[in-house]
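Here is what each chain is made of, one letter per residue.
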Amino acid sequence: MFAGALNKGIRGAIAFITAFFLLSAILSYFAPKGIEVNNYPNLFYNFFAQKITSKALIVFLNYLFIGVGGLIVSLIAVKQEVVEKQNYFPVFIYLAVSIASITPTQLTPQAFTNVFVLFATYKLLDTYREESALNQIFEAAFWLCVSAFITISSIISFPLFFITLLILRPFYWREWAVAILGFLSPIILYESIAYLSDFNQWYFIKATELFFDFLKLPAFSEYYLPLSILLFILFLISLINNLVGGFGNTVKKQRTKSILLWYVFLSGLGFFSGGSNGSSIILTYALPLSFFIGDFLYGLRQIKITNTILTILMLCVILVFLAEFNVI
């Protein structure tokens, strides 16, 4: 059933993933409400998201960025050799988790942020064993900083950037200088525009202060509990499986999974950020969990077990849609 389509490469997976994606988009368009309300104290939501009220445009933009994110996950998985080339479980899991976590009546900032974080991750992984990687490092730092203007909680990924450099490459001061320049460039550009327009100056510093001042327990909808519990259990099992069997059969796979593990660890701070809720937390963890769980499911020899797990995952997504349609 599901497993047979996702472990045969792009030809086997494309029809199933496309059908699931389009059906979900149609359901989101007709969903009368969202389970949770996005309430982020950041630039994106204050000056952009609230100005878009068209339901069709909201759904289109949400799914556009989820789709782009899924495409980048595919590139990371296959081109960067993080998993086997026939393994499209990470793509499906990323899409399923993201679709369940968006709000059909509002733009979802974390879905937008994930695209920039994924692109930065892709660029960093592309530097492995490259003699000259200054361009990739600058681009990765630049877009990762841009993501913080959408959702300020992505600043938790800034330390991960330099941890990734240390894991993938030997220390070279020029690369670190270029990385710092990449992080500063969006801030300088924004502040220059803010100064000339005399509007909302020093946003990045103020937003960072608010992020650390309003750390608290998140508001968590009960409809996201089954999905959260399932992802947590599957991640623990996949982590144990990796610790016992190794993080991969190549050095790059081992290093990449070490980076993803750091991502899981550092994302814990975003769990307590102001404005966070169940959907935003799940979206934050979508990237690392999709690779860990996807690789674990691909390695299972019992297809029936894999299909059972995927069926439970689908039921968790369906539960969210039922709540959005006021069925339960």
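With 21 residues, helix α11 (residues 225-245) extends 30 Å from end C-alpha to end C-alpha; this agrees with the ideal 30 Å at 1.5 Å per step. Taken as a whole, α11 has its buried residues at Leu227, Ser228, Leu230, Leu231, Leu234, Phe235, Ser238, Leu239 and Asn242. End-on view of α11: buried residues confined to an arc of 160 degrees, all on one side of the axis. Seen from the buried face of α11, the exposed residues on the opposite side, beyond 90 degrees, are Phe232, Ile240, Leu243 and Val244. In this structure, the buried side of α11 is in contact with α5 (89-101), α12 (251-266), α13 (278-299) and α14 (303-324).

Averaged over the protein chain, the pLDDT score is 82; the fraction of residues at 70 or greater is 89%. Averaged pLDDT values over the elements of the protein chain bottom out at 61 in helix α1 (residues 2-6) and peak at 90 in α5.

Let us now look at the nonpolar core. If you look at the biggest cluster of nonpolar residues, it comprises 103 residues, and the most contacted ones within it are Phe161 and Phe291. For this core, the leading source of residues is α13, giving eleven residues. Residues within four places of Phe161 in sequence aside, it is in contact with Leu124, Ile137, Ala140, Ala141, Leu144, Ala179 and Phe183.

Take the environment of Ile259 next. Checked against the element boundaries, Ile259 lands in helix α12. Residue classification places Ile259 among the buried positions, given a relative accessible area of 6%. Ile259 sits 99 residues away from Leu160 along the chain, and the two C-alpha atoms are 7.7 Å apart.

Scanning the entire structure with this criterion turns up three salt bridges. For Glu175, the salt bridge identified is with Arg169, shortest N-O distance 2.8 Å. When its relative accessible area of 9% is taken as the criterion, Arg169 is described as buried. As a salt-bridge pair, Asp295 and Lys257 come within 2.3 Å of each other at their nearest N and O atoms. Of this pair, Asp295 sits in helix α13 while Lys257 sits in helix α12, and the two are 38 residues apart along the sequence. Taking relative accessible area as the criterion, Lys257 reaches 3% and is therefore assigned buried.

This part covers the packing of aromatic side chains. Counted under the stated rule, the structure contains 17 aromatic pairs. Between Phe162 and Phe183, the ring centres sit 5.7 Å apart and the planes meet at 35 degrees, which makes this aromatic pair tilted. Remark: Phe183 occurs in helix α9 (residues 173-197) and Phe162 occurs in helix α8 (residues 158-168); sequence separation between them is 21 residues. Here Phe183 falls in the buried class, since its relative accessible area comes to 9%. Ring-pair connections join several aromatic residues into one group, and the members of that group are Phe158, Phe161, Phe162, Phe171, Trp176 and Phe183. Its end group placed over the ring of Tyr29, Lys55 keeps NZ or CZ at 5.9 Å from the ring centre.

The topology assignment puts Phe20 in helix α2 (residues 9-30). Classification of Phe20 by relative accessible area gives buried; the value is 9%. Note: C-alpha distance between Phe20 and Phe92 (72 residues apart in sequence) is 9.1 Å. When near neighbours in sequence (up to four residues on either side) are disregarded, Phe20 contacts Phe92, Leu95, Ala96, Ile99 and Met314.

Here we come to α14. Under the 1.5 Å per step criterion, the end-to-end length of α14 is 32 Å for 22 residues, consistent within 8% with the ideal 32 Å. All of the buried residues along α14 are Thr306, Asn307, Ile309, Leu310, Leu313, Met314, Cys316, Val317, Val320, Phe321, Ala323 and Glu324. Immediately downstream of α14, the backbone of Asn326 shows phi near 60 degrees, a positive value.

What counts and what doesn't
Residues numbered from 1 in each chain as written. Predicted model: local features only at pLDDT ≥ 70, side-chain atom pairs only at ≥ 80, totals over all residues. Heavy atoms only, no water. Helix = DSSP H or I, 4+ residues; strand = E, 2+ residues; numbered from the N terminus. Expected span 1.5 Å × (residues − 1). Buried < 20%, exposed > 50% of the residue type's maximum accessible area, 1.4 Å probe, protein only. Arc of directions from axis to C-beta. Contact = heavy atoms within 4.5 Å. pLDDT = per-residue confidence, 0-100. Core = buried A, V, L, I, M, F, W, Y, C linked by side-chain atoms within 4.5 Å. Salt bridge = Lys/Arg side-chain N within 4 Å of Asp/Glu carboxyl O. Phe/Tyr/Trp six-rings, centres within 6.5 Å; stacked < 30°, edge-to-face > 60°. Lys NZ or Arg CZ within 6 Å of the ring centre and 35° of its normal.

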